[in-house]
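Summary of structural features
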Amino acid sequence: MYWKKRSESSPSIMSRFQAQNFQEQRSSDCSSSRDSLDNQSLDDFWTEVENIKESCETEVDENSDVKTPDDGELDADWLKDTGLSTLINENSQDDDSIVLLSTLTRTQSAAVQRRVDNYTLSLRVKSKQPVRDVRDVFPRQKFSSSDSEKQDKHIDALERKRLEHLLPEEDKREACSDEHGNSSPTQCGLSKKETIFFNVSYSEQAQICRNRACYNKMLRKQSDDGILPQYRMYKNKLGTTRMGDLSEQDMKKVRTLALIELTALFDVLDMEVKRQKATKVKAQENKLFGVPLTQLVENDQKIVPNTKVPLLLKELLCSLEDKGLETEGILRISGSLARIKNLQQELESNFYQNNFDWKKVHQNDGAGLLKMFIREMPCPLLTTEYVAAFAAVQNITDQVQMIHALNLLVLMLPDVYRATLKLLLEFLRKVIEKEQENKMNLWNVSTIIAPNLFMHKGISNKMPDGSEKQQAEKAANVVRVLIHYQDLLWIVPCFLVAQVRKLNENSNKKYDKRLKNLLKKIHTDKHDKQIVEQPCNRTIKIQAPNLLKGTMDVQLDPETTIRDLVAQFQKKLDCSNYDAANTNLTKRSNGSTEYSEFFLYEVGGNIGERCLDPDTCMLELYKVNPQAEWIIRQRVTLSKES
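These numbers were taken from a predicted model, which means no experiment stands behind them.

The rules behind these values
Residues numbered from 1 in each chain as written. Predicted model: local features only at pLDDT ≥ 70, side-chain atom pairs only at ≥ 80, totals over all residues. Heavy atoms only, no water. Helix = DSSP H or I, 4+ residues; strand = E, 2+ residues; numbered from the N terminus. Buried < 20%, exposed > 50% of the residue type's maximum accessible area, 1.4 Å probe, protein only. Contact = heavy atoms within 4.5 Å. Areas by Shrake-Rupley, 256 points an atom, 1.4 Å probe, with all protein chains shown as cover. Axes fitted to C-alpha atoms, helices over the stretch in contact; angles between N-to-C directions. Parallel < 35°, antiparallel > 145°, perpendicular 65-115°, else oblique. Lys, Arg positive; Asp, Glu negative; His and termini not counted. Salt bridge = Lys/Arg side-chain N within 4 Å of Asp/Glu carboxyl O. Polar contact = N/O pair within 3.5 Å; in protein donor to acceptor, adjacent residues only side chain to side chain. Expected span 1.5 Å × (residues − 1). Core = buried A, V, L, I, M, F, W, Y, C linked by side-chain atoms within 4.5 Å. Left-handed = near helix turned anticlockwise from the far one by under 90°. Nonpolar A, V, L, I, M, F, W, Y, C, P; charged D, E, K, R; others polar. Phe/Tyr/Trp six-rings, centres within 6.5 Å; stacked < 30°, edge-to-face > 60°. Pairing = 2+ DSSP bridges. Arc of directions from axis to C-beta. pLDDT = per-residue confidence, 0-100.

Thoughts on the overall build of the protein
- A tally of helices and strands in the protein yields 26 helices and 12 strands.
- Counting the 642 residues in the protein, one finds 51% classified as buried.
- For the protein, restricting intrachain contacts to residue pairs at least 6 apart in sequence, the fraction spanning at least 24 positions comes to 83%.
- In the structure as shown, the protein presents an accessible area of about 31,000 Å², 46% of it carried by carbon and sulfur atoms.

Shown next as C-alpha cells:
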C-alpha cells in the first residue's frame, strides 16, 4: 500500500524529530500568530526529544531491519492485505474477492483499479517491455476522453445529489457557513459545534467537496489561534456502532474495507505514503518492558482472562490517576532517570509476584516510566505499518477529513494496539481535565507525548526536508486531535457497517467471474436504484437466555427505540422476581465502577453480531435486517469516577 505526499520526499518518522541544530530551532524566527502561544510547548517538545535520546543508547537498533519495498511490491502487498490479490493473478478465481468488489463505492473501486494498473505497469518496466496506456489494462471497456469526462460528470452529479439528500437543511446551511460565532472558547480551546457525518463514504465526501462551489466555505481549516471546533455527530436511525460492538468476523471485514477507504481518501487528497514492513528487533529477555505488545497481553490473559491491555499499563495509569493528575507539570517535568531505571528493574522482578508497592513511586517517576514503556515497545504503538500514515495526516488541512483519516487508521490497528492506545488517550484526557491544578493543557500534553509515539528505534534515520520546527508542531497537532476527538475516532462509520451487511448478503450470490469486468462495472452500476422488499410483519421476538422463559413479543412502531425495548424487558424481569444481585458491581482502584448492564444484540441475518445503540430506531433496523434474531445479554461497562 502506499501513501506519500507526491510533491515531497519520503523521510522516515524518526528523522522528522531529530534534534540536530536544537538550539537554532528553539530560537528560530516566530512568524505566525500561534508562536507566541506555543513557544513554551515547542520548547517542551524538543526537551522531550533530548530526554529520549539521552535515555536510549542508540537511536536505531543495530538488529532492526526495516525494508521499504518498491512500488510494485507495495501494490501487490496492498492487494493481498485487502484480499484482492486475484486481480493480478489471471489464473486464480476467488469468490470472496468477487463479493468484496461488489460492495465497493466508486472512489473505493477507483483506488483498487489504480493499484492494479500500477502493479501491471511496474511489471512491464521490470521486464523492459513497452509501456502501454493504462486503459489497455482493461481492454474490454474503452472510452474516449470525451465519453469518460461525460460519464464522470454524470456520476458526480448523482453522487452530489445523493449526499446532499442525506444532509438536513439546517446542517447544510451550517456546513457552508464560515462564521465562527461569538461564543467564548472553553479551556480546551473550542468553537461552536458543527455536524460531522459518518453515514457517507469519507472518500466520496472528499471527492464531492473538491468540486463543489461552496468548498472554500466548507473547508474546516484550523484557525490561527489553534482553536479546535466542536462537532456533533449526525444521528443515523440505525444507531451508532462503536468498536467492540461488532463480532470478530465482522471487524475483520471492517478493517479490510477501512484500508480500501483510507487509500481512496488519500488518493482523492493527492497523498501517498509508502508503508514499511514489520521490523526485526533483537529479542528481549524482559517480562514487561521491550516485550511485543501482543505477547505481553497473551501472557497477562493467563492471569486475567479477556484482558485487552497490558496489566502493567493498567496499574501504572491507575497509580498516576490516584496521585498524579493534580501534580503540576505531570508528564512535562522529568523524573530521575536513575530512579526510573531502578523501578523498571524492580517491576521486572516483582510485578507478577504482586510484591511491587505503587505507593512509593513518585508521580514524575511514574510518568517517566509510562513514556519509557511506550518507547521500548519492539514496534511503535501506532504500528510499523501505519505510523507513517498517522504522521501523514498532519498534511491534511481540512479538519473533518483529518478526523476521518484518523478514524480509519484507528480501525485498522490490531485489537491489542487499538485498545492500548485508547487506554492511553483516556488517561491523557483526564490529565487535561485537571489543567487548573497541573498546568497541563491539551497542547502541552500533546507536545510531550508526540515524540514518544513517533520516535522509535525500529525506524531508519534520514534527514527530512523542510523545517524541523514545523514537523514538530504538526506531529503534536496529530496527537492533539487524537486526544480531543477520541470519542469520534472509536466509532465504526455507518457506511462501513452497511458495506459489511452487503458483504454478508452477497456471499451467496453469483457474479461475473471476470473480476476486472466487475471492477469496471461498479462505476455505472453503483447508482442504480435497488428495490428492497419491506417486511410486512412488525412484531419481533426478543430472547433473553437464562433470564426469561420463552420470548418477549414486541409490536414495533416508528418511534420504538432500543432503549424502550430494554426498559420494557427490565420491567418484565422485575416482575419475574429476578435477583438484582446478579448484576455484579466491581469497584476499581481509581474510584470508577465496573457493572453489568443489559444490552440488546442483533444476531444473524446480514450481520454476525452487533451490540445496539440505545437510540437505534428498532423498526428501521428491522427493515434492514428482518432475518436477525434479537437477544438481550448482560455486558460489563465502566462508570465514570464519582
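A look at the packing of helix H13 (residues 311-323) against helix H18 (residues 415-433)
- At their nearest, the axes of H13 and H18 sit 11 Å apart, and the two run at 5° to each other. Between H13 and H18, the interaxial angle falls into the category roughly parallel. Of the residues in H18, those in contact with Leu313, Lys314, Leu317, Leu320 and Glu321 of H13 are Thr420, Leu423, Phe427 and Lys430.

Considering the side chain of Asp613
- Relative to the helices and strands, Asp613 is located in the loop between strand S11 (607-611) and helix H26 (618-624).
- The side chain of Asp613 is buried and forms no salt bridge, while Lys235, the nearest opposite charge, is found at 4.6 Å.
- Reaching out from Asp613, the side chain makes a polar contact with the backbone nitrogen of Thr240 at a distance of 3.1 Å.
- The contacts of Asp613, once residues within four sequence positions are left out, are Gly239, Thr240 and Ile562.

Observations regarding the pattern of salt bridges
- Applying the stated criterion across every chain, the model contains 17 salt bridges.
- With a shortest N-O distance of 3.7 Å, Asp615 and Lys235 are connected by a salt bridge. Here Lys235 lies in the loop between strand S3 (228-233) and strand S4 (241-242) and Asp615 lies in the loop between S11 and H26, a separation of 380 residues in the sequence.
- A relative accessible area of 37% means that Asp615 is categorised as partly exposed.
- The partner of Glu620 in a salt bridge is Lys623, and the shortest N-O contact between them spans 3.7 Å.

What to know about helix H23 (residues 494-506)
- An ideal rise of 1.5 Å per residue puts 18 Å on 13 residues; H23 measures up with 18 Å between its terminal C-alpha atoms.
- Along H23, 10 of the 13 residues are buried, which leaves the element largely enclosed by surrounding structure.
- Turning to H23, its buried residues number three or more, namely Cys494, Phe495, Leu496, Val497, Gln499, Val500, Arg501, Leu503, Asn504 and Asn506.

Concerning the nonpolar core
- Among the nonpolar cores identified, the biggest contains 128 residues, and Leu331, Leu370 and Phe454 are the most heavily contacted of them.
- When residues no more than four places from it in sequence are discounted, the contact partners of Leu370 are Leu313, Leu316, Leu317, Leu320, Leu331, Leu424 and Phe427.
- Ranked by size, the runner-up nonpolar core spans 24 residues in total, among them Ile540, Val554, Tyr622 and Ile632.

Observations regarding the packing of helix H15 (residues 363-375) against helix H20 (residues 442-454)
- Their axes nearest at 8 Å, the elements H15 and H20 cross at an angle of 30°. Considering their axes alone, H15 and H20 lie roughly parallel with respect to each other. Between H15 and H20 the crossing geometry is right-handed. Across the interface between the two elements, Lys371, Ile374 and Arg375 of H15 pack against Ile448, Asn452 and Leu453 of H20.
- Counted by class, the contact of H15 with H20 contains 3 nonpolar, 1 polar and 2 charged residues.

Regarding the packing of aromatic side chains
- Applying the stated rule across the entire model yields 8 aromatic pairs.
- For the ring pair Tyr231 and Tyr485, a centre distance of 5.6 Å and an interplane angle of 50° mean the geometry is tilted. With a gap of 254 residues between them, Tyr231 in strand S3 and Tyr485 in the loop between helix H21 (468-484) and helix H22 (486-489) connect regions that are remote in the sequence. Judged on exposure class, the residue Tyr231 and its partner Tyr485 are both buried.
- The interplanar angle of 75° and the centroid separation of 4.8 Å between the aromatic rings of Phe356 and Trp358 together place this pair among those described as edge-to-face.

Topic: the pairing of strand S8 (residues 551-555)
- Burial along S8 is one-sided: Met552 and Val554 are buried, and none of Thr551, Asp553 and Gln555, which face the opposite way, are.
- Both strand S7 (residues 539-543) and S8 contribute to a ladder of 5 bridges, which runs antiparallel. Bridge pairing in S8 places Ile542 opposite Met552.

Re the environment of Leu74
- As for its placement among the helices and strands, Leu74 is situated in helix H4 (residues 71-81).
- The spacing of Leu74 and Asn118 is 44 residues in sequence and 9.8 Å in space, taken between C-alpha atoms.

Some details on unusual backbone geometry
- Notably, Asn306 is not glycine yet its phi reads approximately 70°, a positive angle.
- Positionally, Asn306 belongs in the loop between helix H12 (293-301) and H13.
- Residues other than glycine seldom take positive phi values, yet Lys439 does so here, at roughly 60°.
- By the element assignment, Lys439 lies in the loop between helix H19 (435-438) and H20.

Considerations on the environment of Gln568
- Note on placement: Gln568 falls in helix H25 (residues 562-575).
- On the accessibility criterion, Gln568 (36% relative accessible area) is partly exposed.
- Between the alpha carbons of Gln568 and Met552 there is a distance of 9.3 Å; along the sequence they are 16 residues apart.
- Excluding residues within four positions of it along the chain, Gln568 makes contact with Met552 and Val554.

Notes on the environment of Asp564
- Checked against the element boundaries, Asp564 lands in helix H25.
- As a C-alpha pair, Asp564 and Thr616 span 52 residues in sequence and 9.9 Å in three-dimensional space.
- A polar contact is formed between the side chain of Asp564 and the backbone nitrogen of Thr561, at a distance of 3.1 Å.

Looking at H12
- Of the positions making up H12, those classed as buried are Leu293, Leu296, Val297 and Asp300. Down the axis, H12 shows its buried residues gathered within 95° of arc, on one side only.
- Those residues of H12 hidden inside the fold are in contact with H13, H15 and H18.

Notes on the confidence of the model for the protein
- Taken residue by residue, the protein gives an average pLDDT of 76. The fraction at 70 or more is 65%.
- Highest mean pLDDT in the protein belongs to H18 (97); lowest belongs to helix H2 (residues 22-26) (39).
- In the predicted structure, residues 130-145 sits below a pLDDT of 50 and forms 23 contacts with residues beyond four places in sequence or in another chain.
- Note on residues 580-595: pLDDT is under 50 here. Beyond four places in sequence and across chains, it has 40 contacts.

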